[in-house]
Structures are given as C-alpha cells and as structure tokens.
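# An overview of the molecular structure
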Amino acid sequence: MVRSTMPLRDGHQLQLLEGAREFYPALIEAVSSARTRIQLETYILDFTGSTQAVLEALMDAARRGVRVQMAVDGVGTGVLPADWAQRFQDAGLECRVFVPLGTLGLLIPSRWRRLHRKLAVVDGQLAFCGGINLLDDHHDPYHGALQAPRLDYAVRVTGPLVGDMQDTMNQLWLRMEAAQRLRQRQLTGAMQSFRALRSVPETGVAAAGEGPIHHARAGLLLRDNLRNRLVIEQAYRRAIGMARREIIIANAYFLPGYKLRKALVTAAQRGVRVQLLLQGRYEYFMQYYASRPVYAQLMQAGVEIHEYAASFLHAKVAVIDGHWATVGSSNLDPLSLLLAREANVVVDDRDFAMRLRERLLQVIAREGQRIEAAAFASRSLAQRVRERLALGLMRLALFLAGKRY
C-alpha cells in the first residue's frame, strides 16, 4: 500500500506544464500512444472547448482496446450529461463518480469529503499530477468565457513514483466499485472488491521521457481522511521551517491554520523573503473572503502578498530556496487540508525548482497587484463585513463536519 509520507527518491524525469495549453497536448500524446491501460482522476470534468479533444483521445483509446478508467468527483462534476455518458459507454470508457451527493447530500456532513486530486497514469509508465482539471483554460462553468487563461500547473512524471500514483488510483477504483455494488446490493461482488484492496501490487516503474525534462529526486504526498490527514500541510511546514532565503507560494484558496501561519511569520521575521501569489478575482465567495483576515498578520511580519486578477488563479505550487518545489491539487485552506483527497508531487531539484520560480516571478511582476498594508487597513466596512461573514460560514461548515482548524 502507498505510504503518503514516502521519502524523496532518485530516478525521476519531470516536466513542468503550465495550464491546459501545455497539459492537454502532453496528455493527449500519452493517451494516443497508450497500449494497455489509462487511469485518470479529476475534480471537474467539463465538456466545453478544448477539453473535448482530450475526451475524444480517451474514447479512441478505449475503442482500440485500451482499458480507460476515469474517476470524477460528485460535486465538482456531478451527474454526467446523458449524451456524453452514452458516448463513454459506447466507446467502452469506464467512468465512475466519487460520492454522488444525491438529493440530500449537502445536508450530510460526512458526504462533504471530496475527490480533489488530478492524477493520470498511462500504461504504468508515465503519470501526470497537478491542479489542472479537465476544464478549458478560457472557460468557467459559472462565469462563462474568460478573457485570459486560468493560471495553473501540472507535472509530467516518469520514474518510481508513477507506481505510487497507480497504486493509489487502483485502491480508490476498487473502493468505488465496492461502494457501487453495495448500493446495488451486489454483496458478493462488493466483498470481492474489498478483498482485492488487500492485494493491489506495488507497480513502480522507471521509464524515460522525451522533451524538456529535469532529472530529480521526487516523492508523492497523498492526503486522505484516515491516516494521512496532515501530510501535505506538514510537508509545507517542514520546508518553510528550513527556508533560508526565499519562499514563493501560489495558492488559489489560502487560509492557513495557526501553525502554518506561524511558520510563514517566523520565516519572514528571520529574514526570509516570503512572496504569496493569491486570488485577485474570486470564484467562490466563502473561500476568497474568508482568507483575507489573515493578510494583516502576515504583512505585519513582512510577508509580501500579490493578487492575480488577470483571470482565475487556480495554482497550488511553491518554491523554496530555489531547490524545493511542490506541484499538486492541495490548496492551503481547511477544505483541502481537512476534507478532500489531494495529491502533490514534492521535488528537490534545482533545475525544476528554478523553472517554476522563473514562471511565478514573471506572473508576479507582470500580472500581480501587490497589497499594501496601509491600503488594506483602510478597506471599507462593507469589505470587512463580507470577510467576517465568509469566515463565519467557513467555521460553521468545519464545525458541522466535525473538524477544527
């Protein structure tokens, strides 16, 4: 079974991908050359624009005999459109929905746990991990067409941790299969699926990739709601605690708990330059406004806060001291750190980290708007009321879910 606290290992080849404009072609290339099996997990599966090319490639693979297994989240995706569900079925593409909410799902806190990972494994040889959904860069399901592309990142991986990704996806698929059979009262089949969980093989492989890559030490961090609830936050805290020069974090929904906030404040106070790139244009009221009350404490310690307003910022990445980096699906807020299944790749490699650092600094310089402490302190009463309301709603949701933060 995959250990989410797995140490970094050598033998990886990594390629940083920015947005769907780089992720989709790399994914389609891998899917088009697949021979045996494709596994994919995403929070949002949308059917607009360039995403259709990915789905066509997946269906083509299924039609030529490749087993294609796609897991989508029951909130982020919901019920599949009938025409697409039929097309998947006709092509032989297997698609399962993680924890469908049903009519009263939102009223049951135990069902708020979500599948927020974005993972793909092809033939057990090549994998992708990041924050990018199957969602066109210039489209938002709630806001329509976007004038500028969504900012997000993924990493293409070959090497030992591909097997770790495949193991965790195998386990989740079998659990979903067992849950579906239980709902359908197929008890014998459900027990077979549960027994299969205990015999999922370790499948680590190392395959060479093509294109601009970095040879690196890397590991996979998996957050779940059982044994590995704090693994991603702890990795951030350890790296921040060891920082000596520079911390750059780009995060869509940023509401760190006390320990993570203290780590950032302490780093800034000992002379580390801390730069945060956060949302300037928000998708969700609660996550955006609930995060802003922590700005004052961070800026008082010397933390620089820049907001990205050119489009939606969806990235969940960080670079520390030009050698430690992470790319993944986990925001630094309670919903990600306490309720969702998440996956982050952690890298200790100067070439890869400096590539990500270069891109983030370009965004900060060209499209970031720095928040000044004086201007923030003089924000309107209406703004403060929205912040307190959002923070109250966040705390209420966590209380109902039985979580403390």
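Residues numbered from 1 in each chain as written. Predicted model: local features only at pLDDT ≥ 70, side-chain atom pairs only at ≥ 80, totals over all residues. Heavy atoms only, no water.

### Overview of the packing of helix α6 (residues 231–242) against helix α7 (residues 258–269)
- At their nearest, the axes of α6 and α7 sit 9 Å apart, and the two run at 15 degrees to each other. Judged by the inter-axis angle, α6 sits roughly parallel to α7. Handedness of the crossing formed by α6 with α7: left-handed. Side by side, α6 and α7 meet where E233, Y236, R237 and I240 of the first sit next to K259, L260, A263, L264 and A267 of the second.
- Split into classes, the residues belonging to the contact of α6 with α7 amount to six nonpolar, no polar and three charged. (Axes fitted to C-alpha atoms, helices over the stretch in contact; angles between N-to-C directions. Helix = DSSP H or I, 4+ residues; strand = E, 2+ residues; numbered from the N terminus. Parallel < 35°, antiparallel > 145°, perpendicular 65-115°, else oblique. Left-handed = near helix turned anticlockwise from the far one by under 90°. Contact = heavy atoms within 4.5 Å. Nonpolar A, V, L, I, M, F, W, Y, C, P; charged D, E, K, R; others polar.)

### Thoughts on the side chain of E41
- Inspection of the secondary structure puts E41 in strand β2 (residues 37–42).
- Judged by relative accessible area, which is 3%, E41 ranks as buried.
- A distance of 2.8 Å separates a polar atom in the side chain of E41 from a polar atom in the side chain of R117.
- Beyond its immediate stretch of four places on either side in the chain, E41 contacts A71, L115, R117, K118, L119, M169 and L172. (Buried < 20%, exposed > 50% of the residue type's maximum accessible area, 1.4 Å probe, protein only. Polar contact = N/O pair within 3.5 Å; in protein donor to acceptor, adjacent residues only side chain to side chain.)

### Describing the confidence of the model for the protein
- On average, the protein scores 88 in pLDDT, and the residues at 70 or more come to 87%.
- Taken together, the stretch residues 1–5 has pLDDT below 50 and engages in 16 contacts with residues farther than four places along the chain or on a different chain.
- Per-residue pLDDT stays below 50 along residues 199–211; that stretch engages in 31 contacts with residues further than four places along the chain or on separate chains. (pLDDT = per-residue confidence, 0-100.)

### Some words on the packing of aromatic side chains
- Within this structure, the stated rule accounts for nine aromatic pairs.
- Pairing Y236 with W324 gives two aromatic rings, centres 6.1 Å apart and planes at 70 degrees, and the pair type is edge-to-face. One end of the pair, Y236, is in helix α6; the other, W324, is in strand β16 (residues 324–328), and 88 residues separate them in sequence. For the pair shown, Y236 and W324 are each scored as buried.
- Taken together, a centroid distance of 4.9 Å and an interplanar angle of 80 degrees make the contact between Y288 and Y289 edge-to-face. The same class applies to Y288 as to Y289, namely buried.
- Between the NZ or CZ atom of R281 and the centre of the ring of F312, over which it lies, the distance is 4.5 Å. (Phe/Tyr/Trp six-rings, centres within 6.5 Å; stacked < 30°, edge-to-face > 60°. Lys NZ or Arg CZ within 6 Å of the ring centre and 35° of its normal.)

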